[in-house]
Amino acid sequence: MNFSSKLLEQAVEEFSKLPGVGKKTALRLVLHLLKQSDADVSKFTQSLDRLKSEIRYCRTCFNISDQEVCEICASLKRDHSLVCVVEDTRDVMAIENTNQYHGVYHVLGGLISPMEGVGPADLKIESLIERIRNSELKEVILALSATMEGDTTIFYLYRKLREFNIQISTIARGISFGGELEYVDEITLGRSIATRVPYERNVG
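Residues numbered from 1 in each chain as written. Predicted model: local features only at pLDDT ≥ 70, side-chain atom pairs only at ≥ 80, totals over all residues. Heavy atoms only, no water.

## What to know about the overall build of the chain
Part 1 of the reasoning: Of the regular secondary structure elements, the chain holds nine helices and seven strands.
Part 2 of the reasoning: When the accessible surface of the chain is totalled, it reaches about 12,900 Å², and 51% of it is carbon and sulfur. (Helix = DSSP H or I, 4+ residues; strand = E, 2+ residues; numbered from the N terminus. Areas by Shrake-Rupley, 256 points an atom, 1.4 Å probe, with all protein chains shown as cover.)

Here it is, written out as C-alpha cells:
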C-alpha cells in the first residue's frame, strides 16, 4: 500500500495493530478521523488517554471498573454466594446481556495455555481460592469457553476447588466445542447458565 504522507502511513500502521483491523480498514478509519472536527478528534484521543490512565480493575473480581470495587460486586441486589468464573471482561458483558444471572463474577484474566506460555500462576486463581476461603460461597460456576484451553483450565480449577464445601458447576454444553463465549447468542448463553450441571459428572 502506497501512502502520500508519512503521518498517514504511521497512523494506519497503528490502527492496523488493533485485533481484526487490516490495512484497508485502518486506512478507512484514519481518513474518517481526518474529516472530523478538531473538537471531535480531541474528544476521541482524550477518551483513549483517560481509558489507559484512569481505568481500574475491581479489587474483588478483577473486572474492568471505574471504581476500586465494581458496580456488580458492590450491589446488594446480587447473590454474593454465587460466583461465575470467566476468562475476561467480554465474558462478563456477554453473560450480563442474558439477564439470567444474578450472582457475582471472578475474572481470571486468561486461560491456561502451555503453548502460549500461560500457566496457573499467570491467572487470578490464587485470589479466587482466597475469596472462597474467606467468604460464604455456596456455588462456583466455571463459565469458560468450550476450547482445549478452557477445558484444561476448568479441570485445573476443579482439582483446586473440590476440597472446599461448595458446589462446582459448569455451563451446559449448548455451546459447541471450540466456541468463544463472547460470540454465543444471548439465548443460548442464558440457557447454558440456567441449566448448568455439577462438574463431577463430567470428570467420571
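## A word on the pairing of strand β4 (residues 103-107)
Part 1 of the reasoning: Burial analysis of β4 places five of its five residues in the buried class, which makes it a mostly covered element.
Part 2 of the reasoning: Sheet topology note: the strand β3 (residues 79-86)/β4 ladder contains five bridges and is parallel. Its bridge partner being in β4, Asp-79 is matched across the sheet by Gly-103.
Part 3 of the reasoning: Of the crossover connections in this fold, the one passing from β3 over helix α5 (residues 89-96) to the parallel β4 is right-handed. (Buried < 20%, exposed > 50% of the residue type's maximum accessible area, 1.4 Å probe, protein only. Pairing = 2+ DSSP bridges. Right-handed = clockwise from strand over helix to strand, strands pointing away.)

## So, the confidence of the model for the chain
Part 1 of the reasoning: Per-residue confidence for the chain averages 88 on the pLDDT scale, and 85% of its residues sit at or above 70.
Part 2 of the reasoning: Across the chain, the secondary-structure element scoring lowest on mean pLDDT is helix α9 (residues 200-203), at 54, and the one scoring highest is β4, at 97. (pLDDT = per-residue confidence, 0-100.)

## A closer look at the side chain of Thr-153
Part 1 of the reasoning: In this fold, Thr-153 is placed in helix α7 (residues 148-161).
Part 2 of the reasoning: Excluding anything up to four places from it in sequence, Thr-153 contacts Leu-108, Leu-111, Ile-112 and Leu-144. (Contact = heavy atoms within 4.5 Å.)

## Some remarks on the pairing of strand β6 (residues 167-170)
When a strand is regular, its side chains alternate between the sheet's two faces.
Part 1 of the reasoning: Bridge analysis of strand β5 (residues 139-142) against β6 gives four bridges, and the strand direction is parallel. Pairing of Glu-139 across the sheet is with Gln-167, part of β6.
Part 2 of the reasoning: As for the winding sense of the linkage, the β-α-β connection from β5 through α7 to β6 is right-handed.

## A look at the environment of Ile-64
Part 1 of the reasoning: Mapping Ile-64 onto the fold places it in strand β2 (residues 64-65).
Part 2 of the reasoning: Not counting chain neighbours up to four residues away, the residues in contact with Ile-64 comprise Ile-55, Arg-56, Tyr-57 and Thr-89.

## Here's the deal with the pattern of salt bridges
Part 1 of the reasoning: Applying the stated criterion across every chain yields a total of eight salt bridges.
Part 2 of the reasoning: Among the ionic pairs, Glu-13 bridges to Lys-23, the shortest N-O distance being 3.6 Å. One end of the pair, Glu-13, is in helix α1 (residues 6-15); the other, Lys-23, is in helix α2 (residues 23-35), with 10 residues separating them in the sequence.
Part 3 of the reasoning: The residue Glu-68 makes a salt bridge to Arg-59 at a minimum N-O spacing of 3.2 Å.
Part 4 of the reasoning: A relative accessible area of 44% places Glu-68 in the partly exposed class.
Part 5 of the reasoning: Given the relative accessible area of 56%, Arg-59 is considered exposed. (Salt bridge = Lys/Arg side-chain N within 4 Å of Asp/Glu carboxyl O.)

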